[in-house]
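Chains, contacts and geometry: an overview
Here is how the chains run, residue by residue.
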Amino acid sequence: MTNGVTWLTPIVAVARRDWAVRRSYQFDFALRLFGILAAVATFFFISKLVGSAPSLEGIEYFEFALVGLLVLNGATMAMNTLKGAIAQERSDGTLEMILSKPAPLWAVLSGTLVIPAMFFLLEAVVMLGFAVMFGSRFPIGGVLLGVPLLLLTLASFAVLGLLAAAFIVLTKRGEPITFVILQSTNFLAGAVFPVALLPIGLRFLAHLIPAFYGLNGLRAVLLEDAGAFDVLGDIVFLTVFTIVLAPIALWVLARALRVARVTGTLGSY
Amino acid sequence: MPTLPPALEVRQLTKHYLPPSRWLRPLVRSAVQERVVALADVSFRVEPGEVIGLLGPNGAGKTTLIKILTTLLEPTSGSATVGGVDVTNSPGEARRRLGVVLADDRGLYWRLTGLQNLEFFGALSGLGRRAARQRAAELMGRVGLADRDKLVFGYSTGMRAKLNLAIAQLAGPDFLVLDEPTRSLDPISSQEVLRMLRAFADAGSAALLSSHRITELIEVCDRIVVLTNGRARFVGPPEQLAAGASQQARALMSLLSDDAVR
């Protein structure tokens, strides 16, 4: 590309488009804040029942579940954004317009993540703020270290979202695959209860889910004063998972689009 | 002096829609139950400066042809080149040379303004941010929307058609493909769109215009391709078709008059 046009140009254009559209729905964020407050408060009161169970190894359940909620929200956002982008563009009739332009689809899809990810980070800060209101304390260093960990977790789920997008291009329905992944994450990765409570066979499965490493790392830096070196293993797993799976997911998406171009089902829903 | 490639060359283009293979059937949702021949050995070419009309009854294969030209569909056999670039083998390069107006006005973002739509599609068409902004403002003026920049859901059908035509011209394409751009328009708006299209071709580019309306194709096109049942039955100047100069032309006019003339 020339004349100041780079691979970033379509990414920025999509982010600007999404920002303009989001601004036209002004109550959306306010309602989200209310939802976050309700979710945080719910876990605060559940923690009154649970307290600090032995399987939590000294961590208060409220803070344990808060990190779980944070990661689950991020995983849902990352997966649903890509899947939803394809579904929405197709039903709006804009998918074919986009695919008739020279910009690569991976750049357009990457752009769709920018604004939701920014809002998610803002919501994460708000969520931690609400937790502080309920009496929790988080080290500044841990919060700063938590940002890249959280972004890596989002990236790993965004890659899974690409696979869901490929699935939706073929089947016109993406719910089954996202439902299975998100519910498996909820159940197996230790979002709202410790993995140690699972039977041994299922504990092994937890290690295959990227959220497991995101949760481990975030809990360590936010709740146990761990440093970067302590969570290096989690960072490495999330990075390798994303780097290895991203080209595979892009290839699968390209194949799905090719099938849709041959069968003539690109714009149908 | 080297000769310029044709603006568009379609060679023996064929498209069969097939039911999904057995292993894809549980995955792919397709309405096709048996082989459908949508296009069969269609050939024609368009020179720079020409507007060619695509006429045919519903189900004739017009949209299939347009989707192949715009890289949204792969042909079963044959080829199509835009400015010498094969649309199947080099879709990215072909897209740089093409401007597209797809059927209906669903290809717009209704929660964005006209200018924002243009800037967005400009960036996707390979323009930098500043260039996209300048080009968007210029095209808004050219299609008569300069003082009407508001959210697209507040636009009339005619305004949306003009905006679509502006989007198609964003990156200065060599070739425009328009799928029934005047379908929902009143006669005055249709005339405006056709006048803009003619001006585009007169400036040295070329266009393919699909329409059900014989009268407007006769008015704006240099030549017309008539498709029925996926085959090109007539390729020639509109006056030849309108005058029924041959037995074939008379038969086609008779066929089209039932379904296509409005």
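Procedures and definitions
Residues numbered from 1 in each chain as written. Chains lettered and ligands numbered in written order. Predicted model: local features only at pLDDT ≥ 70, side-chain atom pairs only at ≥ 80, totals over all residues. Heavy atoms only, no water. Helix = DSSP H or I, 4+ residues; strand = E, 2+ residues; numbered from the N terminus. Buried < 20%, exposed > 50% of the residue type's maximum accessible area, 1.4 Å probe, protein only. Contact = heavy atoms within 4.5 Å. Areas by Shrake-Rupley, 256 points an atom, 1.4 Å probe, with all protein chains shown as cover. Expected span 1.5 Å × (residues − 1). Bend = angle between axes of the 7 residues up to and from the residue. 1 Å grid on protein atoms, 1.4 Å probe; cavity = no way out; pocket = protein on both sides within 12 Å on 5 of 7 lines; lining within 4 Å. Points joined across faces, edges and corners; volume = space filled by probe spheres on them. Nonpolar A, V, L, I, M, F, W, Y, C, P; charged D, E, K, R; others polar. Axes fitted to C-alpha atoms, helices over the stretch in contact; angles between N-to-C directions. Parallel < 35°, antiparallel > 145°, perpendicular 65-115°, else oblique. Pairing = 2+ DSSP bridges. Domains from an automatic or database assignment. Buried area = accessible area lost by both parts, 1.4 Å probe. Salt bridge = Lys/Arg side-chain N within 4 Å of Asp/Glu carboxyl O. Polar contact = N/O pair within 3.5 Å; in protein donor to acceptor, adjacent residues only side chain to side chain.

The next point concerns the overall build of chain B. In terms of regular secondary structure, chain B is built from nine helices and ten strands. Each of the 262 residues in chain B was classed as buried or not, and the buried ones make up 55%. Across chain B, contacts joining residues at least 24 apart in sequence account for 69% of those joining residues at least 6 apart. Of the roughly 11,500 Å² that chain B leaves accessible, carbon and sulfur atoms contribute 50%.

Residues and elements named next belong to chain A. Look at helix 5 (residues 105-133): 43 Å from first C-alpha to last across 29 residues, which is about the 42 Å you get at 1.5 Å a residue. Largest kink in helix 5: about 25°, centred on Ile115, with the proline Pro116 one to four residues after it. Count one or two residues on from helix 5 and you reach Gly135, which has phi positive near 105°.

Let's shift gears to the environment of Lys67 of chain B. Its location among the elements puts Lys67 of chain B in helix 1 (residues 62-69). Judged by its relative accessible area of 24%, Lys67 of chain B falls in the partly exposed class. Each C-alpha atom, one on Lys67 of chain B and one on Leu102 of chain B, is 8.8 Å from the other, the two residues being 35 residues apart in sequence. Lys67 of chain B has contacts with Glu96 of chain A together with Leu72 and Leu73 of chain B, leaving out every residue within four places of it along the chain.

Let us look at empty space enclosed by the protein. Residue and element names in this part refer to chain B. All told, the structure shown has four cavities of 30 Å³ or more when counted by the stated rule. Estimated volume of the largest cavity: approximately 60 Å³. Mapped onto the lining of the largest cavity, the elements with two or more residues apiece are helix 2 (91-97), strand 6 (98-101) and helix 5 (157-168). A class-by-class count of the residues in the lining of the largest cavity yields six nonpolar, three polar and three charged.

This brings us to the packing of helix 5 of chain B against helix 6 (residues 187-202) of chain B. Residues and elements named next belong to chain B. At their nearest, the axes of helix 5 and helix 6 sit 10 Å apart, and the two run at 10° to each other. With respect to each other, helix 5 and helix 6 are oriented roughly parallel. Note on element contacts: helix 6 touches helix 5 through Ser189, Glu192, Val193 and Met196, opposite Gly158, Ala161, Lys162 and Leu165.

The next subject is helix 1 of chain B. An α-helical turn contains 3.6 residues, so a residue and the one three or four places further along point in the same direction. Residue and element names in this part refer to chain B. Burial of helix 1 is extensive: six of the eight residues sit out of reach of the surface. Among the residues of helix 1, Lys62, Thr64, Leu65, Ile66, Ile68 and Leu69 are the ones counted as buried. Within two residues after helix 1, Thr71 carries a phi angle of roughly 70°, on the positive side.

Let us now look at the sheet that holds strand 4 (residues 77-82) of chain B. All names here are of chain B. Strand order in this open sheet of four strands is 2-1-4-5, and the pairing throughout is antiparallel. Both outer strands of the open sheet, strand 2 (36-46) and strand 5 (85-86), are each paired with one neighbouring strand and no more. Bridge count between strand 4 and strand 5: two bridges; the pairing is antiparallel. Across the sheet, the residue bridging to Val82 is Val85, located in strand 5. Here helix 1 sits on the sheet in contact with strand 1 (8-17), strand 2 and strand 4, set at roughly 115° to strand 1.

Let us now look at the domain arrangement of chain B. Interface size is commonly expressed as the accessible area that is lost once the parts come together. Residues and elements named next belong to chain B. Domain boundaries assigned for chain B yield domain 1 (8-97 + 173-261) and domain 2 (106-171). On the side of domain 2, ten residues touch domain 1, which itself brings eleven residues to the contact. Between domain 1 and domain 2, a total of about 890 Å² is buried, with carbon and sulfur atoms accounting for 76% of that surface. Joining domain 1 to domain 2, the criterion identifies one salt bridge.

Here we take up the pattern of salt bridges. All names here are of chain B. For the structure shown, the criterion picks out 21 salt bridges over all chains. Residues Glu9 and Arg11 are paired through a salt bridge, measuring 3.5 Å at the closest nitrogen-oxygen approach. Look at Glu9 and you get buried, because its relative accessible area is 15%. For the salt bridge of Glu216 with Arg213, the shortest nitrogen-to-oxygen distance reads 3.7 Å. For the residue pair Glu216 and Arg213, the accessibility class agrees, reading buried in each case. Through salt bridges with shared partners, a single network forms among Glu9, Arg11, Arg45 and Glu47.

Okay, the sheet that holds strand 7 (residues 175-179) of chain B next. Residues and elements named next belong to chain B. Read from one edge of the open sheet, six strands run 6-7-8-3-9-10, paired in mixed fashion. The outermost strands of the open sheet, each flanked by one partner alone, are strand 6 and strand 10 (231-236). Each adjacent strand pair in this sheet contributes to an overall mean axis angle of 15°, direction not counted. In the sheet, strand 3 (residues 51-55) pairs with strand 9 (residues 223-228) via four bridges, with the strands oriented parallel. Paired with Gly53 across the bridge in strand 9 is Ile224.

At the interface, 40 residues of chain A touch 36 residues of chain B. For the chain A and chain B pair, buried surface summed over both sides reaches about 3,600 Å², with 60% attributable to carbon and sulfur atoms. Remark: the boundary between chain A and chain B carries three salt bridges. Across the pair Glu96 of chain A and Lys67 of chain B runs a salt bridge whose closest N-O atoms are separated by 3.1 Å. Linking chain A with chain B are nine residue pairs in polar contact (both at pLDDT 80 or more). For the side of chain A that touches chain B, the elements supplying multiple residues, two or more each, are helix 1 (8-23), helix 3 (61-92), helix 4 (95-99), helix 6 (140-171) and helix 10 (232-263) of chain A. Here the side of chain A that touches chain B takes eight residues from helix 1 of chain A, the largest share from any one element. Its residues placed into classes, the side of chain A that touches chain B shows 19 nonpolar, eleven polar and ten charged.

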